[in-house]
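Coordinate analysis (summary)
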Amino acid sequence: MPQRRQYDVLIVGLGPVGAVLAALGAQLGLRIRVVEKDTEVYRLPRAVQIDYEVMRLLNFVGVADDVLANSCASAGYEFVNRDREILMSRYPPPGLAPTGYPWANMFHQPSLEAALRARLAECPEVEVSLGATVTGVEQDDAGVTAVIETEDGSERAEAAYAVGCDGARSFVRRALDIDMVDLGFEEPWVVVDVKLPPGMRQLSEVSVQLCDPGQPTTSVLSGPGRHRWEFMLRPGDDYAEATRPEVLKARLADWVDTDAIELERSAVYEFHGLIARRWRSGRILLIGDAAHQMPPFFGQGLCSGVRDACNLAWKLAAVMRGAVAPAFLDTVQAEREPHVAGITRSAIELGRIVCVADETEAAERDRRMLAGRTPFPSMPVITEGVLGDRGAGRPMPEPMVTGTRRERVDDIVGYVPLLVVADGGRDAAAIQAFRAAFPDARVGALEHARDGQLALEDESGHLRRMLAEEPALLAKPDRIVFGAGSVAMLAWEWADYLRGETLA
Ligand SMILES: Cc1cc2nc3c(=O)[nH]c(=O)nc-3n(C[C@H](O)[C@H](O)[C@H](O)COP(=O)(O)OP(=O)(O)OC[C@H]3O[C@@H](n4cnc5c(N)ncnc54)[C@H](O)[C@@H]3O)c2cc1C
């Protein structure tokens, strides 16, 4: 007899995105089942960069410090031609980013995944099955049933909702017959991670895209003691040959003393720009690489998937407790897809600068880019599910909470909506009404905190600048600013948003 169990959410795939979703869901009291076909974290080279916004999201699930311990801050990102002239560059502003983390954190993805799994092991609400493959998924009005195959046989698990976090080749996406929109990029590259000689923490301060038509190459920082190179392959190149140690060392010889380093791992990838046409079908959703894939030149694939998980988790919890209608889950794609598409187009744009193998075309590119300053693409702003401008759709700067200890506000309030008021002594009735209407939300004040409001310290001044003209701002649980304005207006619009109504 197949075993039958009941969960709130069944997550297919325990990559970084499934793990973050599971950890957030557990914090919100959801009963979670995670099914992962492999028994170990993925060992081949993948993400090396996490941005300052996603570090804050990882802090919600308690792994930001693990990432910091296994990362080094990047001092810049340069696109250079064969003569090492800078075609385009981006350097982080001095100091920490507004979230309180370094702007670009060069890290080691398996360390992140191991830290996430360690956190999940501490969550009694999460049942993780490793070495278990989802081979079937069906849904009806009552819920989702997944068929799970293990060495020991087959099981059917039931959940109210299922989320495909099962990566680029997503079984769930195929089972739902959802196709991908191709944004038009396909380039094979061989990727190699090396361990640096003992005592050498990092090889350079900046990451480099060498736009040499003879051999387009990426050289990026990875975690401490590691470095990553990526080499564009040509049509007809033998992929197996490309990962042979002798062949890799020959490529690396221009960059490093190959006798001093250790080849850690390598793989050939075909970089794409693809976005799933639908991210939700009834009770089943797709996020992370299952919903979108992008070339790595912007370092944003994993970051985007973590943003998806943080956009989705509180909405699933709200649906489960009946606070919002199931159709509210459509806001995940509505809000996330334009952001991901913008990032993917930028990643493709960067890829097109690097992936030029034709000498004449490369010379023309160099001439054009050296003649005028080419701006580095900026991160798109979230435009859906937020109120107009004044910082809406951007990550909220992170204040500290003053008290017996000085702590990040996120460490105290966690993954919940946060209303920040400039002056806690003003609009007391509206603030009280807001708290009564949205008991899961927290309130912090930059001045005159009172009545259970958190006293916020805005050392960097970012929040004060945002609140110079408005009395309050509201951040969603994922710390995307919903809007700024009067407390009464924010309460009104937030209620409309939760009801799925069109925002002003
Ligand atoms: C060379 C390279 C460089 C990159 N650099 C960056 C970077 O610098 N920054 C960045 O943000 N991103 C980067 N990325 C992208 C990043 O690695 C991915 O976006 C990220 O790993 C996706 O996470 P995920 O959890 O969605 O999917 P995955 O990590 O692929 O996890 C999916 C999981 O689902 C499991 N699974 C699949 N099918 C089933 C099934 N039927 N049943 C059960 N389990 C299943 C798989 O075993 C896997 O563990 C890079 C990628 C590459 C290839």
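Residues numbered from 1 in each chain as written. Predicted model: local features only at pLDDT ≥ 70, side-chain atom pairs only at ≥ 80, totals over all residues. Heavy atoms only, no water.

1. Regarding the site of the ligand
In plain terms, the rule: For this description, a residue counts as near a given molecule or strand if any of its non-hydrogen atoms is within 4 Å of it. Polar contacts, as used here, are pairs of N or O atoms within 3.5 Å; protein pairs need one atom able to donate a hydrogen and one able to accept it. Residues neighboring in sequence count only if both atoms are side-chain atoms. Each accessible area is a Shrake-Rupley result for a 1.4 Å probe, and residues are judged covered by the shown protein chains and nothing else. The helix count covers DSSP runs of H or I at least four residues long, the strand count covers runs of E at least two residues long, and both are numbered beginning at the N terminus. Residues are grouped as follows: Ala, Val, Leu, Ile, Met, Phe, Trp, Tyr, Cys and Pro are nonpolar; Asp, Glu, Lys and Arg are charged; every other residue, Gly included, is polar.
As a structural note, the neighbourhood of the ligand is formed by 33 residues, with Glu36, Arg46, Asp289, Leu302 and Cys303 the closest of them. Note that a nitrogen atom of the ligand is positioned 3.1 Å from one of the backbone N or O atoms of lysine 37. Separating an oxygen atom of the ligand from a side-chain N or O atom of arginine 46 is a distance of 2.6 Å. For the ligand, whose accessible area on its own is 1,000 Å², the fraction buried by protein is 91%. Residue assignment for the shell around the ligand shows that the elements contributing at least two residues are helix H1 (16-27), strand E2 (32-36), strand E9 (133-139), strand E15 (226-232) and helix H8 (301-320). No other element matches H8, which puts three residues into the shell around the ligand. Of the residues contributing to the shell around the ligand, the split by class is 15 nonpolar, 10 polar and eight charged.

2. Remarks on H1
Because an α-helix packs 3.6 residues into every turn, residues spaced three or four apart end up facing the same way. Here is the rule: By this rule the span expected of a helix is its residue count minus one, scaled by 1.5 Å. In this scheme, a residue with accessible area under 20% of its type's maximum is buried, one over 50% is exposed, and one in between is partly exposed, where area comes from a 1.4 Å probe on protein chains only.
Relative to the 16 Å expected for 12 residues at 1.5 Å per residue, H1 spans 17 Å between its end C-alpha atoms, a close match to the ideal helical length. Along H1, 11 of the 12 residues are buried, which leaves the element largely enclosed by surrounding structure. Of the residues making up H1, those classed as buried are Pro16, Val17, Gly18, Ala19, Val20, Leu21, Ala22, Ala23, Leu24, Gly25 and Ala26. Following H1 by one or two positions, glycine 29 has its phi on the positive side, about 85°.

3. Focus: the sheet that holds strand E7 (residues 104-106)
Where we set the bar: By this definition, two strands are paired if DSSP reports at least two bridges between them.
The three strands lie next to each other as E3-E7-E4, forming an open sheet whose pairing is antiparallel. Looking at the sheet topology across the chains shown, the edges are occupied by strand E3 (49-51) and strand E4 (72-73). Pairing of E4 with E7, which is carried by two bridges, proceeds in the antiparallel orientation. Among the inter-strand pairings, alanine 73 is bridged to a residue of E7, identified as asparagine 105.

4. Notes on the sheet that holds strand E6 (residues 86-90)
Applicable threshold: Contacts are assigned to residue pairs with any non-hydrogen atoms lying within 4.5 Å of each other. Lines fitted to C-alpha atoms define the axes here, with helix axes fitted over just the stretch in contact, and angles between the N-to-C directions of these axes take values from 0 to 180 degrees.
Strands sit in the order E6-E5-E13-E14-E15-E12-E16-E19 across an open sheet of eight strands; the sheet is mixed. Both edges of this open sheet fall to E6 and strand E19 (292-293), since each of them pairs with a single strand only. Pairing analysis gives seven bridges linking strand E12 (residues 180-195) to E15, with the strands arranged antiparallel. Looking at the pairing, tryptophan 189 lines up with methionine 232 of E15. Lying on the sheet, helix H9 (residues 330-354) is in contact with strand E5 (77-81), E6, E12, strand E13 (207-211), strand E16 (262-276) and E19; it crosses E12 at an angle near 65°.

5. Let's talk about the environment of alanine 449
Looking at where alanine 449 falls in the secondary structure, it is placed in the loop between strand E23 (442-447) and strand E24 (454-457). In this structure alanine 449 comes out as partly exposed when scored by relative accessible area, which is 31%. With 114 residues separating them along the chain, alanine 449 and glutamate 335 place their C-alpha atoms 32 Å apart. Filtering out sequence-adjacent residues up to four positions away, alanine 449 remains in contact with Leu454 and Ala455.

6. So, empty space enclosed by the protein
Stated formally: Only protein atoms enter the calculation, which uses a 1 Å grid: trapped sets of points that fit a 1.4 Å probe without letting it out are cavities, open sets showing protein on both sides within 12 Å along at least five of seven lines are pockets, and any residue with an atom within 4 Å of a point is a lining residue. Grid points are joined across faces, edges and corners, and a volume is the space filled by probe spheres set on the points.
Taken as a whole and assessed by the stated rule, the structure comprises two cavities of 30 Å³ or more. Looking at the largest cavity, the residues that line it are Glu53, Leu57, Arg307, Cys310, Asn311, Glu335, Arg336, Ile382, Lys476, Asp478 and Ile480. Where the lining of the largest cavity is concerned, the elements lending two or more residues are helix H2 (52-60), H8 and H9. Ranked by residue count, the leading element in the lining of the largest cavity is H8, at three residues. Looking at the lining of the largest cavity residue by residue, the class counts come to four nonpolar, one polar and six charged.

7. Describing the packing of H1 against H8
Put simply, the rule is: Each angle is binned into one of four classes, with values under 35 degrees roughly parallel, values over 145 roughly antiparallel, values of 65 to 115 roughly perpendicular, and all other values oblique. Helix crossings are classified by the rotation of the near helix relative to the far one: an anticlockwise turn of less than a right angle makes the crossing left-handed, while a clockwise turn makes it right-handed.
Viewed as axis vectors pointing N to C, H1 and H8 meet at an angle of 25°, and their least axial separation amounts to 9 Å. When the axis of H1 is compared with that of H8, the two are roughly parallel. With respect to the hand of their crossing, H1 and H8 are arranged in right-handed fashion. The residues of H8 that touch H1, namely those facing Pro16, Val17, Val20, Leu21, Leu24 and Gly25, are Leu302, Gly305, Val306, Ala309, Cys310, Leu312 and Ala313. Tallied by class, the residues present in the contact of H1 with H8 amount to 11 nonpolar, two polar and no charged.

8. Here we look at the packing of H8 against H9
Two numbers describe how H8 lies on H9: the axes approach to 10 Å, and their chain directions differ by 170°. By the criterion of interaxial angle, the relationship of H8 to H9 is roughly antiparallel. Contacts from Ser304, Arg307, Asp308, Asn311, Leu312 and Lys315 in H8 reach Thr331, Val332, Glu335, Arg336, His339, Val340 and Ile343 in H9. Its residues assigned to classes, the contact of H8 with H9 shows four nonpolar, four polar and five charged.

9. Quick notes on the confidence of the model for the protein chain
The predicted coordinates should not be examined in detail at positions where pLDDT is low. Inclusion rule: The predictor reports its confidence for every residue as pLDDT, a score running from 0 up to 100.
Of the residues in the protein chain, 99% reach a pLDDT of 70 or more, and the chain-wide mean stands at 95. Within the model, the stretch residues 1-5 combines pLDDT values under 50 with 11 contacts to residues more than four positions away or in other chains.

10. Description of the environment of valine 48
Checked against the element boundaries, valine 48 lands in the loop between E2 and E3. Note on valine 48: relative accessible area 11%, which makes it buried. The spacing of valine 48 and leucine 302 is 254 residues in sequence and 9.5 Å in space, taken between C-alpha atoms.

11. Considering the layout of surface pockets
For clarity, the cut-off: Here the bounds of each domain stem from an automatic or database domain assignment.
Reported here for the second largest pocket is a volume of approximately 330 Å³. Breaking the lining of the second largest pocket down by element, the ones donating at least two residues are H8 and helix H14 (487-498). Ranked by the residues each element gives to the lining of the second largest pocket, the list is headed by H8, at three residues. Among the residues making up the lining of the second largest pocket, the classes are represented as 15 nonpolar, one polar and two charged. Taken domain by domain, the makeup of the lining of the second largest pocket includes at least three residues from each of domain 1 (6-71 + 107-182 + 274-350) and domain 2 (400-498).

12. Some points on the domain arrangement of the protein chain
Where we set the bar: What counts as buried area is the accessible surface, traced by a 1.4 Å probe, that two parts surrender upon association, with contributions from both included. One side-chain nitrogen of Lys or Arg within 4 Å of one carboxyl oxygen of Asp or Glu is enough to make a salt bridge.
What the domain assignment reports for the protein chain is domain 1 (6-71 + 107-182 + 274-350) and domain 2 (400-498). Each of domain 1 and domain 2 was reduced to a C-alpha centroid, and the two centroids are 29 Å apart. Taken together, the contact between domain 1 and domain 2 spans 19 residues of the former and 14 residues of the latter. When the two sides are added together, the surface that domain 1 and domain 2 hide from each other amounts to roughly 1,300 Å², 58% of it contributed by carbon and sulfur. Viewed at the interface, domain 2 and domain 1 are joined by three salt bridges. Linking aspartate 410 and arginine 56 is a salt bridge whose minimum nitrogen-to-oxygen distance equals 3.2 Å. Broken down by secondary-structure element, the contributors of at least two residues to the side of domain 1 that touches domain 2 are H1, H2, H8 and H9. The greatest single-element share of the side of domain 1 that touches domain 2, amounting to six residues, is contributed by H8. In terms of residue class, the side of domain 1 that touches domain 2 is built from 10 nonpolar, four polar and five charged.

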